[in-house]
Amino acid sequence: MMKHILFLLLVAACLLSGCSGGVVKANVSSNPTGVSGKLNREAELAYAKAHVLWKNGVCEDPAKAAGLLREALRLEPEYGEAWLRRGRLLIQFAEYEAAVRDLDKAVRYYPKSISYAYRGYAEFGLGNYLGAQKNYDMALDLDSANGTAWNFLGELLIAELKVDEGCEALAEGAELGFNAPYDDALASGVCVQN
């Protein structure tokens, strides 16, 4: 009797652990490097290395990121996400004219809501409020849940002294999980919570 119980336990353990005699495939991602295979592999790897240098929307090692993005774009000139990331890096240093040039390419090769939002922000940095508004409108037409675009729009409206509308846009961004601009506007007294 004890032999039967031990045998059943051994069989159960074997089946549960995967030694049933069949081929056991490792549960490994088919894409461990994160590259899509749609673009040049080295370009995608350079972009991935640059991408991880951003923490809370700010690049922590701009020189390294710039080099990696330059390499990605050299290898893959139509890499829209790399143009977007480099435009964001240029915005971080108030290089708005260069950012607009890069973000024009981001919009061409990666026509997503986020590309338009950042191009709008670069236009806003240049004082081109009409260009910024057009980009924010396009960003929100493509994705009304883009909290970044709502926040950028809010900043523009407040700069145009449309404070109530700006605060509403910032509140929308906050509802979508992008709280910091609205919280800052509340703390500074620009916006009043209803």
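Residues numbered from 1 in each chain as written. Predicted model: local features only at pLDDT ≥ 70, side-chain atom pairs only at ≥ 80, totals over all residues. Heavy atoms only, no water.

## Some points on the UniProt feature "repeat: TPR" (unreviewed entry) in the protein chain
- The sites that UniProt annotates as "repeat: TPR" (unreviewed entry) are residues 80–113.
- Between the end C-alpha atoms of residues 80–113 the distance is 13 Å, and the span holds 82% helix and 0% strand. (UniProt positions renumbered as here; feature names shortened; annotations may be inferred. Helix = DSSP H or I, 4+ residues; strand = E, 2+ residues; numbered from the N terminus.)

## So, helix H6 (residues 113–125)
- For H6, built from 13 residues, the straight-helix expectation of 18 Å at 1.5 Å per residue is met to within 8% by its first-to-last C-alpha distance of 19 Å.
- When H6 is considered as a whole, its buried residues turn out to be Ser-113, Ser-115, Tyr-116, Ala-117, Tyr-118, Arg-119, Gly-120, Ala-122, Glu-123 and Phe-124.
- Buried residues in H6 make contact with helix H4 (80–92), helix H5 (96–109), helix H7 (129–142) and helix H8 (147–159).
- Where H6 ends, the next residue or the one after it, Gly-127, has phi of about 85°, a positive value. (Expected span 1.5 Å × (residues − 1). Buried < 20%, exposed > 50% of the residue type's maximum accessible area, 1.4 Å probe, protein only. Contact = heavy atoms within 4.5 Å.)

## Some remarks on the packing of H6 against H7
- Running from N to C, H6 and H7 cross one another at 165°; their axes reach a closest spacing of 8 Å. Accordingly, the angle class assigned to the pair H6 and H7 is roughly antiparallel. Of the two possible hands of crossing, H6 and H7 adopt the one that is left-handed. Taking contact as the criterion, the partners of Ser-113, Tyr-116, Ala-117, Arg-119, Gly-120, Tyr-121, Glu-123 and Phe-124 in H6 are, on H7, Tyr-129, Gly-131, Ala-132, Asn-135, Tyr-136, Met-138, Ala-139, Leu-140 and Leu-142.
- Of the residues contributing to the contact of H6 with H7, the split by class is eleven nonpolar, four polar and two charged. (Axes fitted to C-alpha atoms, helices over the stretch in contact; angles between N-to-C directions. Parallel < 35°, antiparallel > 145°, perpendicular 65-115°, else oblique. Left-handed = near helix turned anticlockwise from the far one by under 90°. Nonpolar A, V, L, I, M, F, W, Y, C, P; charged D, E, K, R; others polar.)

## Topic: helix H9 (residues 163–175)
- The terminal C-alpha atoms of H9, which comprises 13 residues, lie 18 Å apart, in line with the 18 Å expected from a rise of 1.5 Å per residue.
- Within H9 the residues assigned to the buried category are Gly-166, Cys-167, Ala-169, Leu-170, Ala-171, Gly-173 and Ala-174.
- Of the surrounding secondary structure, the elements contacted by the buried residues of H9 are H8 and helix H10 (180–188).
- Gly-177, located one to two residues past H9, shows a positive phi value of around 100°.

## A short note on the pattern of salt bridges
- With the rule as written, the count across this model stands at four salt bridges.
- Two residues, Asp-102 and Arg-86, come together in a salt bridge whose shortest N-O distance is 2.6 Å. Placement of the pair is Asp-102 in helix H5 and Arg-86 in helix H4, with a sequence separation of 16 residues.
- Classification of Asp-102 by relative accessible area gives buried; the value is 5%. (Salt bridge = Lys/Arg side-chain N within 4 Å of Asp/Glu carboxyl O.)

## Focus: the side chain of Asn-135
- Note on placement: Asn-135 falls in helix H7.
- Exposure remark for Asn-135: the relative accessible area of 6% places this residue in the buried category.
- Reaching out from Asn-135, the side chain makes a polar contact with the side chain of Arg-119 at a distance of 2.7 Å.
- A polar contact of 2.8 Å, which involves the side chain of Asn-135, links it to the backbone oxygen of Gly-131.
- Residues contacting Asn-135, with those up to four places away along its chain left out, are Tyr-116, Arg-119, Gly-120 and Glu-123. (Polar contact = N/O pair within 3.5 Å; in protein donor to acceptor, adjacent residues only side chain to side chain.)

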